[in-house]
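Structural overview for review
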Amino acid sequence: MATLSSDFVEDISKDECKEDELEEEEEIEVSDEEKEEAEDKSVIQQQKKPAWAPCFFFRTDREVYSYVGQEIIIEEGLDSYAGMIWPAALALCHYLDTHRQQISMVGKAVLEIGAGTGLVSIVATLLGAWVTATDLPEVLNNLRVNLNRNTRGRCRYTPQVAVLPWGYNLEDTYPTSVYRYDYVLAADVVYHHDFLDELLATMKHFCRPGTTLIWANKVRFETDLTFTENFKKAFNTTLLLEDGEMKIFMATCREEGEKGVDMTEIQDLVRETEEEDGRENEEDEEEAEPQGVNTEEWKEKENDVHEIPMPEKEHNEEEKILYDLEEKEQKEAEKEDEEETDEEDKTKDDGSSCSSANNEHLSEETHMKQTAVQQDTKPAWVPSIISKFGRDIYHYVGEDIVIQESIDSYGAVMWPAALALCSFLENNRERVNLKGKEVLELGAGTGLVTIVASLLGASVTATDLPDVLGNLRSNVMRNTRGRCRYTPQVEVLSWGYNLKHTHPTSVYHYDYILAADVVYHHDFLGELLATMKHFCRPGTTLIWANKVRFEADLTFTENFKKAFNTTLLLEDGEMKIFMATYRE
């Protein structure tokens, strides 16, 4: 197991001591009046938090969260998905913080799989657990720094950091006789990768008798649903929380006869469900053996489970019964929902025959009401969106906007600057009047900014790379058809220096150019600036929204200011929105 090196800890400790001494000197110089003014400003800023801001605030290259009564500073590293904070981590942290009696971490040995930035491990440590945070080697440096920064001097146990590649041969490197944990935690580990089988095998390896596995996930793809089914087959599972497509499961080892595993609740569920279906004579005993399976053969399978942690392994009869019951209950629930919808439609129709268009309108109206109810009961860890199956619902210009994300690229994910720009355009219609204007969006991604601009009355052309256009076009058409005066266009636009031939300014002239979070983790900043210069001609206004993350962002901002006449429209921490015009 990898541990924090003494040299590393010593160096950081010296640096922090120096910082503390400087802070103490500064505090002596600051008067009481200045302190009160600073506190008042802080309160005002918190009250005026913009609509697009989630439940944390921004600092340079870091984000600050608050859990367990502590301020937690997380340094992100966007070189990989593991270097970012994802929604399930926030959900799991909030759940652990608010359910300390149900899930007590005090003095418990905890393993986190795919720790990423380390937020979940930090919260578990602050709650009193002895934590080992694991991930791939390239992630560990940032993970270790975050853990050390946020737990030193606050916790009873020092969290450990270790390399853990998911796989099937973990008994050699992590023998269960040595590595035993009370809790195994995982948040948003089922994502955009090809190692779901290895992940499930890793979960099986560490989730032994006496261990509780807690897995938080937001469903985005069909593979998430497949993994969830395999997860339910592999463990005894309980759904702790469900909010849209955000789910938190608690699981225990499915092997019978092992110490620390209680099968009573599962078997009671089987009997109760079958009794409701009229099969009262089946499953009478608590430890009943599966029907149609030889006793000796059953015991042999039980003993061999831990030796073959493969997701493809054939499951026992009781697991099949549970799976069939879950599938049946799901179908019955869907059927009841359909019947309720039909009854509502019939009631609204007052017995008259309506066209399919009217029925669709009624369905949308029902959906709007459900959305309003969900917004009222939104938990603390959720930002200003509602999670649905593989999609998010935003509300701008008086409309619900359904955005389908596709994590195949950075361009198909919703980033904070897009939300900031949409909010700004909606709340500053007199200052930036898009009605009847020709608008071009660079790097449109999921299309949210284009949709909002279209709803505000603009004739918009959304552009991006070819591999993004399918999802972009779908989102734009879904959310603007029948709502807007102008039908938005979707086109390919590769940033570069030779746009005079492909997009001559005599033909392609726009009133506004919009761009949100286009300065990101790529090597085409020169091409991006050249593209902005090409389209931002006399009479054109360029509006660019960005969150500063890297040194490259600051360099680009300086070059941007040199290339255009710029005005800072909004600044909130590292979130900035600039307005620029042509510089002769």
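For the structure given in this document, a descriptive report is provided here.

Calculation notes
- Residues numbered from 1 in each chain as written.
- Predicted model: local features only at pLDDT ≥ 70, side-chain atom pairs only at ≥ 80, totals over all residues.
- Heavy atoms only, no water.
- Helix = DSSP H or I, 4+ residues; strand = E, 2+ residues; numbered from the N terminus.
- Buried < 20%, exposed > 50% of the residue type's maximum accessible area, 1.4 Å probe, protein only.
- Contact = heavy atoms within 4.5 Å.
- Areas by Shrake-Rupley, 256 points an atom, 1.4 Å probe, with all protein chains shown as cover.
- Pairing = 2+ DSSP bridges.
- Axes fitted to C-alpha atoms, helices over the stretch in contact; angles between N-to-C directions.
- Parallel < 35°, antiparallel > 145°, perpendicular 65-115°, else oblique.
- Left-handed = near helix turned anticlockwise from the far one by under 90°.
- Nonpolar A, V, L, I, M, F, W, Y, C, P; charged D, E, K, R; others polar.
- Phe/Tyr/Trp six-rings, centres within 6.5 Å; stacked < 30°, edge-to-face > 60°.
- Expected span 1.5 Å × (residues − 1).
- Salt bridge = Lys/Arg side-chain N within 4 Å of Asp/Glu carboxyl O.

So, the overall build of the chain
- When its secondary structure is counted, the chain shows 18 helices and 20 strands.
- Relative to its full complement of 584 residues, the chain shows a buried share of 48%.
- For the chain, the share of sequence-separated contacts (at least 6 apart) that also reach a separation of at least 24 residues comes to 68%.
- Total accessible area computed for the chain in this model is approximately 29800 Å², and 46% of it derives from carbon and sulfur atoms.

What to know about the sheet that holds strand β9 (residues 235-243)
- Taking strand neighbours across the sheet as the criterion, the seven strands line up as β6-β5-β4-β7-β8-β10-β9 in an open arrangement whose pairing is mixed. Only two strands of the sheet have a single partner each, and these edge strands are β6 (160-163) and β9. Mean inter-strand twist for the sheet, computed between neighbouring axes without regard to direction, equals 20 degrees.
- Pairing geometry for strand β8 (residues 212-218) and strand β10 (residues 246-253), over seven bridges, is antiparallel. When the sheet's bridge partners are listed, A216 is paired in β10 with I248.
- Set on the sheet, helix α3 (residues 87-98) makes contact with β7 (183-187), β8, β9 and β10; between it and β8 the angle comes to about 135 degrees.
- Helix α4 (residues 119-126) contacts β4 (109-113), β5 (130-135) and β7 of the sheet and is inclined by roughly 175 degrees relative to β5.

Considerations on the packing of α4 against helix α5 (residues 140-151)
- Packing of α4 against α5 brings their axes to within 9 Å, and their N-to-C directions diverge by 30 degrees. Judged by the inter-axis angle, α4 sits roughly parallel to α5. By crossing handedness, the relation of α4 to α5 is classed as right-handed. Taken together, the residues of α5 that come into contact with α4 (itself represented by S121, I122, T125 and L126) are N146, L147, N150 and T151.
- Its residues placed into classes, the contact of α4 with α5 shows three nonpolar, five polar and no charged.

Digging into the packing of aromatic side chains
- Across all of its chains, the model carries 16 aromatic pairs by this definition.
- For the ring pair F560 and F564, a centre distance of 5.2 Å and an interplane angle of 50 degrees mean the geometry is tilted. Each of the two residues, F560 as well as F564, counts as buried.
- Three or more aromatic residues link up through ring pairs in this structure, and these residues are W215, F227, F231, F235 and F249.

Focus: the environment of Y67
- Structurally, Y67 can be placed in strand β2 (residues 62-67).
- Taking the relative accessible area as the measure of exposure, Y67 reaches 6% and is therefore buried.
- It is 9.4 Å that separates the C-alpha atoms of Y67 and L96, two residues lying 29 residues apart in sequence.
- The residues contacting Y67, other than those within four sequence positions of it, are I72, L90, C93, H94, D97, L119, V123 and L126.

A word on unusual backbone geometry
- For V68, which is not a glycine, the phi torsion comes out positive at approximately 55 degrees.
- Assignment of secondary structure puts V68 in the loop between β2 and β3 (70-75).
- Overall, the relative accessible area of 15% leaves V68 in the buried class.

A look at helix α13 (residues 416-427)
- End to end, α13 covers 17 Å across 12 residues, agreeing with the expected 16 Å (1.5 Å per residue, within 8%).
- The buried fraction of α13 is high, at 10 of 12 residues.
- Regarding α13, the residues found buried are A417, A418, L419, A420, L421, C422, S423, F424, L425 and E426.

Topic: the pattern of salt bridges
- This structure, assessed with the given rule, holds eight salt bridges.
- The salt bridge partner of K247 is E245, with a shortest N-O separation of 3.6 Å. The two residues K247 and E245 agree in class, both being buried.
- A salt bridge links K576 to E571; its shortest N-O distance comes to 3.5 Å.
- A cluster of three or more residues bridged by salt bridges with shared partners is formed by E242, E245 and K247.

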